[in-house]
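Structural overview for review
Residue-level listing of the chains:
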Amino acid sequence: MIPFASFIIVFSALIGVGAACAAVGQACFRRRSDDVSTRLAVLWSVASIGLSIVVPALNGFQASKTAAIASAALLAATALASFFLSRYWREAAMKREAERLQLAKSGYADSQLVDPEVPQEPDIEALCAKAARTYDLTRREEDVLRLLVEGRTAPQIAEELVVSPNTVKTHVRNLYRKLGINRRADLACRLGS
């Protein structure tokens, strides 16, 4: 019979290695990998090394309560960190993209600072209208798309369009399905192509 402390150590190491493999797979084999996936892969890889090598080595590869608690705590801390950091990193990426699109919309491209030889980006209205024709979006879905690209949240969209938040969620789901994307960060890539 395996002692409980050994079971906890082995279980934590297996979960950590499995999560690291999943994060690396997501970062490497997704059609559109992003910075967040790569950061999460690094985070889980470092944690799995800690769970597999460092924690058992601290106790001379002997199963003790201290090693079991340390491995469980490291696994829990990594899971919490990956959850909160991924949300933070994705929100930061969305803000950067919204700022970039806002600059394009505000006429920054027409200022004296921009080289006239470089092709300019079309404004948000034109991008959304083109996407509506290309992906057969309804007028309301086009409105929701425009507001999403401008960086508005679902409650803000609901307030501006005078609809319920659930209606906005339905429109967003339909938009994602029609555009063939899974998350808001992919909107700019899809509209740019």
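Owing to the predicted nature of the structure, the values given are computational and were not obtained by experimental measurement.

**Examining the side chain of R184**
- By the secondary structure assignment, R184 is in the loop between α7 (165-179) and α8 (187-192).
- Among buried Asp, Glu, Lys and Arg side chains, R184 stands out as unpaired, with E150 the closest opposite charge at 8.9 Å.
- Engagement of the side chain of R184 in a polar contact is seen with the backbone oxygen of R152, the distance being 2.2 Å.
- With residues up to four places along the chain from it excluded, the contact list for R184 reads M94, L147, L148, G151, R152, T153 and Y176.

**Section: unusual backbone geometry**
- Phi angles above zero are rare outside glycine, and D136 is one such case at about 55°.
- Considering the arrangement of structural elements, one finds D136 in the loop between α4 (124-135) and α5 (139-149).
- Owing to a relative accessible area of 61%, D136 belongs among the exposed residues under this scheme.
- Although it is not a glycine, V162 sits at a positive phi angle of roughly 55°.
- As for its position among the elements, V162 is in the loop between α6 (154-161) and α7.
- Classification of V162 by relative accessible area gives exposed; the value is 70%.

**Some thoughts on the packing of aromatic side chains**
- Scanning the entire structure with this criterion turns up one aromatic pair.
- Between F83 and F84 the ring centres are 5.0 Å apart and the planes differ by 75°, which places this aromatic pair in the edge-to-face class.
- Taking the relative accessible area as the measure of exposure, F83 reaches 44% and is therefore partly exposed.
- Note on F84: relative accessible area 52%, which makes it exposed.

**As for the environment of V17**
- Following the sequence through the fold, V17 ends up in helix α1 (residues 4-29).
- A sequence separation of 31 residues divides V17 from S48, and the C-alpha atoms of the two residues are 5.0 Å apart.
- Here V17 is in contact with S48 and S52, once residues within four sequence places are set aside.

**Some thoughts on the pattern of salt bridges**
- Using the criterion set out here, one finds nine salt bridges in the structure.
- The shortest N-O distance in the salt bridge between R146 and E125 comes to 3.6 Å. Of this pair, R146 sits in helix α5 while E125 sits in helix α4, and the two are 21 residues apart along the sequence.
- Under the relative-accessibility criterion, R146 is labelled buried at 18%.
- R140 serves as the salt-bridge partner of D143, at 3.9 Å between the closest nitrogen and oxygen. Linking D143 with R140, this pair stays in helix α5, spanning three residues, or about one helical turn.
- Looking at D143, the relative accessible area reads 12%, which means it is buried.

Calculation notes
Residues numbered from 1 in each chain as written. Predicted model: local features only at pLDDT ≥ 70, side-chain atom pairs only at ≥ 80, totals over all residues. Heavy atoms only, no water. Helix = DSSP H or I, 4+ residues; strand = E, 2+ residues; numbered from the N terminus. Buried < 20%, exposed > 50% of the residue type's maximum accessible area, 1.4 Å probe, protein only. Lys, Arg positive; Asp, Glu negative; His and termini not counted. Salt bridge = Lys/Arg side-chain N within 4 Å of Asp/Glu carboxyl O. Polar contact = N/O pair within 3.5 Å; in protein donor to acceptor, adjacent residues only side chain to side chain. Contact = heavy atoms within 4.5 Å. Phe/Tyr/Trp six-rings, centres within 6.5 Å; stacked < 30°, edge-to-face > 60°.

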